[in-house]
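# Residue-level structural notes
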Protein chains: 2
Amino acid sequence: MANIQQVAKQAGVSVATVSRVLNGQNTVSSKTRIKVEEAIHKLNYEPSMLGRNLRNSESRIILILIPTISNPFYLDIIKGIENIAISQNYNILLCETDSNPEKENIYFDLVRKKMADGIISMDPAVNVDTLKKLAENHAIIQCSEYGEDSGIPYVTIDNEEASYRAVKHLIKIGHSKIALMNSDEKYLYARQRKKGYQKALEEHGIAVKDEYIIHTQHLGFEYGQQAMKKILNIEDRPTAVFAVSDLLAIGALKEINSNGLHVPNDIAVVGFDKIDFSNMTNPTLTTIAQPMHKMGTIAAKMLIDQIKGEKVESIILDHELVIRESTSG
Amino acid sequence: MANIQQVAKQAGVSVATVSRVLNGQNTVSSKTRIKVEEAIHKLNYEPSMLGRNLRNSESRIILILIPTISNPFYLDIIKGIENIAISQNYNILLCETDSNPEKENIYFDLVRKKMADGIISMDPAVNVDTLKKLAENHAIIQCSEYGEDSGIPYVTIDNEEASYRAVKHLIKIGHSKIALMNSDEKYLYARQRKKGYQKALEEHGIAVKDEYIIHTQHLGFEYGQQAMKKILNIEDRPTAVFAVSDLLAIGALKEINSNGLHVPNDIAVVGFDKIDFSNMTNPTLTTIAQPMHKMGTIAAKMLIDQIKGEKVESIILDHELVIRESTSG
DNA sequence: TTGAAAGCGCTAACAA
DNA sequence: TTGTTAGCGCTTTCAA
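Residues numbered from 1 in each chain as written. Chains lettered and ligands numbered in written order. Predicted model: local features only at pLDDT ≥ 70, side-chain atom pairs only at ≥ 80, totals over all residues. Heavy atoms only, no water.

## Some points on the protein's contact with DNA strand D
Note the following rule: Nearness is defined per residue: one heavy atom within 4 Å of the molecule or strand is enough. Here a polar contact is recorded for every N or O atom pair within 3.5 Å, except that within protein the pair must consist of a potential hydrogen donor and a potential acceptor, and residues adjacent in sequence are included only if both atoms are side-chain atoms. Runs of E in the DSSP output that reach at least two residues are strands. Runs of H or I that reach at least four are helices, and both are numbered from the N terminus. As a working rule, the residues Ala, Val, Leu, Ile, Met, Phe, Trp, Tyr, Cys and Pro are called nonpolar, Asp, Glu, Lys and Arg charged, and the rest polar, with Gly in that last group.
Taken together, 26 residues lie around DNA strand D, and A:Ile4, A:Tyr45, A:Arg55, B:Arg20 and B:Thr32 are the ones closest in. Of all DNA strand D atoms lying within 4 Å of any protein atom, the proportion belonging to sugar or phosphate reaches 57%. Note that a phosphate oxygen of DNA strand D is positioned 3.4 Å from one of the side-chain N or O atoms of A:Asn3. The separation between a phosphate oxygen of DNA strand D and a polar main-chain atom of A:Ser48 is 2.7 Å. Among the secondary structure elements, those contributing two or more residues to the surface near DNA strand D are α2 (15–22) and α4 (49–56) of chain A together with α2 (15–22) and α4 (49–56) of chain B. By residue class, the composition of the surface near DNA strand D is nine nonpolar, 12 polar and five charged.

Here it is as structure tokens:
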């Protein structure tokens, strides 16, 4: 493993010149450049990021904080981030927090210790206070999820509006007994989506029944199944369910089927996220599509701008209601 | 952002002493230690990994190479790797190659340039020659997929045996017209699983029919649907399908259902991988469970041993046939 | 157009 | 038990 010294020696130039060639500076005569390039080739030299990073006080690593990699919702966002990152010579450290403050802190330490240049947080359970403090000295962007008045830039969709449209769709096709399968309301998006649900009902003169609103601890299949069990046991059984996540909705689908009921004839189901699986179920799932890839690219661009020291503004992106079999007999 | 110099000054000691405290060496008197710790606290000091890494010629970063993050098969393996890595103070760079040599090379460069200490490769499409060359100077482990005589240590399961058991199960429950939905045979695992399929058939005196063997380009859901279309069009239609991936099997399930046929009454289906979603389908999917989490932890341990300069041996782990509704009416 | 030299922040060998 | 100092590999300022 040769270093820059040896290359310089081999080429008969100074290390400064080698560095100039390495960084494509045009203050090097082509004769010297060729000598250097030959030396590099001959010694099979690869510049060390370790030295460069220390010198430049940067790591060229970006942290992505997600609660779990098991939710496919994040996949496209990550791909979006990755596209931009790679094109700008950044690398991505994918960090699963399990919504656990201790694990979270391990990753925060990475930026405190300069192992990472910035963070894109997608964890709704993130400790906003810690994040705020960190944001004083480091580049941070919130993606999809955000703390209400954290002052940290975010890119997201209008959750209330999306939820409102989903429920309105159910009302339009004739439902009035609509259950909401929500996650914990400690999360902002959960509160926003509940608002949209309420707004749609109220706008159509439908009373909001507390017993129709079920909360789940996490956004997994099994939680959707469990929640659906409860819904099926409600005396005045709902004829439609709006779940705030496709994984929940798919769990609900499964539970409804297992009970010999039919979707959408007996119960219509709407999900949220448009994950790949939502098209593989039987019936396919009506859902809200977020512009995930775009959200990722924008978040990455915002973060990199921030790392460069530029000021960035929060953005709210459009969403789309995708109507499929689970709401159309 | 204070550095070690300033801490030393503040504490009235040398940088060496601060470094000793930082690294928990017990050659520091508790009086001095306390002075240093106070200084650290007062200055809000965080040691820079950049300096430490350069000095120690390490990055404490491990690369995981996967073809795509969209296949949930990798999730548990990654979690296993992560567990070990974090406990040993390593971080993980998740690298999606898209089975594209150029993208692959970007990531290989990371280890060439010391930005990463080693690689766990799970990409069946990886260029084995490049990998071999890289392995001369760097720590590399192959996980799940491996080059036959690359000389690079691997951890995997016995694919032929697993496949053999899956097909034998289908034979035992009365099938003799069994299709194989395989991926491209340029992949070793595809060849091995085909062998197991053939072995099971031959052992029971069932002729292997070429037209019953369908190849797909990728392991996505849609590819399973397409392949199933072909199988349904075979004149002497198979009564069972063994797919080498759950995603393919789920696509097959969907296609069979869409054609008004019943699983398993008309056609039985077996998958491979036991991804989470394989339990959410209707019917639930019979499949081969690989010990994914364990595979991940072992791969990580092997890699870290290798980074430390130890010699490591390849390992073959057990698998399990999980019988569910798609093969039991 | 090139080189000498300082320094990024840390660890560890050696000396005291 | 502590301090001095060299040096990990690189970039960049300054001078030539």
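## Thoughts on the interface of chain A and chain B
Threshold: It only takes one pair of heavy atoms within 4.5 Å for two residues to be counted as in contact. Summed over both partners, buried area is the accessible surface (1.4 Å probe) that two parts give up on being assembled. Throughout this description, the term salt bridge denotes a Lys or Arg side-chain nitrogen within 4 Å of a carboxyl oxygen of Asp or Glu.
Each partner contributes residues to the interface: chain A has 48 residues there, and chain B has 50 residues. Buried area between chain A and chain B, both sides added, is near 4,500 Å², and the carbon and sulfur share of it is 68%. Taken together, the links from chain A to chain B amount to two salt bridges. Linking B:Glu96 and A:Lys79 is a salt bridge whose minimum nitrogen-to-oxygen distance equals 3.5 Å. Scanning the region where chain A abuts chain B turns up seven residue pairs in polar contact (both at pLDDT 80 or more). Broken down by secondary-structure element, the contributors of at least two residues to the side of chain A that touches chain B are α4, α5 (73–87), β2 (91–96), α6 (101–112), α10 (221–232) and α11 (246–258) of chain A. The biggest single contributor to the side of chain A that touches chain B is α6(A), with six residues.

## Some words on the pairing of strand β5 (residues 154–157) of chain B
Residues and elements named next belong to chain B. As a reminder, the rule being used: Using a 1.4 Å probe on the protein chains alone, a residue whose accessible area is under 20% of its type maximum counts as buried, one over 50% counts as exposed, and one in between counts as partly exposed. We call two strands paired when DSSP finds no fewer than two bridges between them.
Where burial is concerned, the two faces of β5 agree: the one with Tyr154 and Thr156 and the one with Val155 and Ile157 are both buried. Relative to β5, strand β4 (residues 139–143) is paired through two bridges, and the arrangement is parallel. Paired with Gln142 across the bridge in β5 is Tyr154. Of the pairings in the sheet, the one linking β5 to strand β11 (residues 315–317) comprises three bridges and is parallel in character. Residue pairing in the sheet places Ile157 in a bridge with Leu317 of β11.

## Focus on the protein's contact with DNA strand C
With respect to spatial proximity, 25 residues lie near DNA strand C, and among them A:Arg20, A:Thr32, B:Ile4, B:Tyr45 and B:Arg55 are the closest. Of what DNA strand C places within 4 Å of the protein, 61% of the atoms are sugar or phosphate. Within the backbone of B:Ile4, an N or O atom sits 2.5 Å from a phosphate oxygen of DNA strand C. B:Tyr45 places a side-chain nitrogen or oxygen 2.3 Å from a phosphate oxygen of DNA strand C. Mapped onto the surface near DNA strand C, the elements with two or more residues apiece are α2 and α4 of chain A together with α2 and α4 of chain B. The element that contributes the greatest number of residues to the surface near DNA strand C is α4(B), accounting for four residues. Here the surface near DNA strand C is composed, by residue class, of eight nonpolar, 12 polar and five charged.

## Regarding α4(A)
Keep this limit in mind: Each C-beta atom gives one direction from the helix axis, and the arc is the one those directions make.
When α4(A) is considered as a whole, its buried residues turn out to be A:Met49, A:Leu50 and A:Asn53. Along α4(A), the residues classed as buried sweep out an arc of 100 degrees about the axis, all on the same side. The inward-facing, buried residues of α4(A) contact α4 of chain B. One or two steps after α4(A), the chain reaches A:Ser57, where phi turns positive at roughly 50 degrees.

## Brief notes about the relation of the copies chain A and chain B
Spelled out, the test is: The copies were overlaid by least squares, fitting only the C-alpha atoms of residues that reach a pLDDT of 70 or more in each copy.
Least-squares fitting of chain A to chain B yields an RMSD of 0.1 Å, with the superposition described by an axial translation of 0.1 Å and a rotation of 180 degrees. As the rotation angle and translation indicate, the two copies are arranged about a two-fold axis. In terms of proximity to the rotation axis, the leading residue of chain A is A:Leu93, whose C-alpha is 2.5 Å off the axis.

## Section: the UniProt feature "domain: HTH cro/C1-type" (unreviewed entry) in chain A
Which entries qualify depends on this criterion: UniProt positions are given in the numbering used here, feature names are shortened, and annotations may be inferred rather than shown by experiment.
As annotated in UniProt, the feature "domain: HTH cro/C1-type" (unreviewed entry) corresponds to residues 5–50 of chain A in the numbering used here. Overall, residues 5–50 of chain A shows 67% helix and 0% strand. The separation of its end C-alpha atoms is 15 Å.

## Observations concerning the environment of A:Met228
One can find A:Met228 in helix α10. For A:Met228, the residues in contact, after removing those within four places along its chain, are A:Met181, A:Val241, A:Ala252, A:Glu255, A:Ile256 and A:Ile267.

## Describing the domain arrangement of chain A
Test applied: Segmentation of the chain into domains, including their bounds, is taken from an automatic or database domain assignment.
Domain annotation of chain A identifies domain 1 (4–47), domain 2 (61–156 + 292–317) and domain 3 (159–290). Taking only C-alpha atoms into account, the centre of domain 1 of chain A sits 37 Å from that of domain 2 of chain A.

## Here we look at the side chain of B:His169
Residue and element names in this part refer to chain B. Within the secondary structure layout, His169 lies in helix α8 (residues 159–172). For His169, a relative accessible area of 7% gives the class buried. Sequence-distant contacts of His169, that is, excluding residues within four places in its chain, are made with Val270, Thr286, Leu321, Ile323 and Thr327.

## Some points on the environment of B:Gln217
You can see B:Gln217 is positioned in the loop between β7 (213–216) and α10 (221–232). Sequence separation between B:Gln217 and B:Ser183 is 34 residues; the distance between their C-alpha atoms is 6.1 Å.

## Quick notes on the sheet that holds strand β6 (residues 178–183) of chain B
All names here are of chain B. Our working definition: For helices, the fitted line uses only the C-alpha atoms of the stretch in contact; every axis is such a line through C-alpha atoms, and the angle between N-to-C directions lies from 0 to 180 degrees.
Reading across from one edge, β7-β6-β8-β9 is the order of the four strands in this open sheet, with parallel pairing throughout. The strands lining the two open edges of the sheet, one partner per strand, are β7 and β9 (268–270). Each neighbouring strand pair of the sheet contributes to a mean axis angle of 20 degrees, computed without reference to strand direction. The sheet contact formed by strand β8 (residues 240–243) and β9 spans three bridges and is parallel. Residue pairing for β9: Phe242 is matched across the bridge by Val270. On top of the sheet, helix α9 (residues 188–203) reaches β6 and β7; it is set at about 170 degrees to β6, its chief contact.

## Focus on the packing of aromatic side chains
The test is simple: Two rings belonging to Phe, Tyr or Trp (six-membered ring only in the last case) form a pair when the distance between their centres is within 6.5 Å. Interplanar angles under 30 degrees mark stacking, angles over 60 mark edge-to-face geometry, and anything in between is tilted. Note on geometry: a ring has a charge over it if NZ (lysine) or CZ (arginine) is within 6 Å of the ring centre and within 35 degrees of the ring normal.
Tallied over the full model, the rule gives 10 aromatic pairs over all chains. Where B:Tyr146 meets B:Tyr154, the ring centres are 3.9 Å apart and the plane angle is 20 degrees; that geometry is what we call stacked. With relative accessibility at 18%, the residue B:Tyr154 sits in the buried group. Between B:Tyr187 and B:Tyr189, the aromatic rings sit 5.8 Å apart at their centres with planes inclined by 5 degrees, giving stacked as the arrangement. Here a set of aromatic residues connected by ring pairs shows up, and it is made of A:Phe221, A:Phe277 and B:Phe277. Its guanidinium or amino end placed over the ring of A:Phe272, A:Arg193 lies 3.6 Å from that ring's centre, counting from NZ or CZ. Lying over the aromatic face of B:Tyr90, B:Arg60 brings its terminal NZ or CZ to 4.2 Å of the ring centre.

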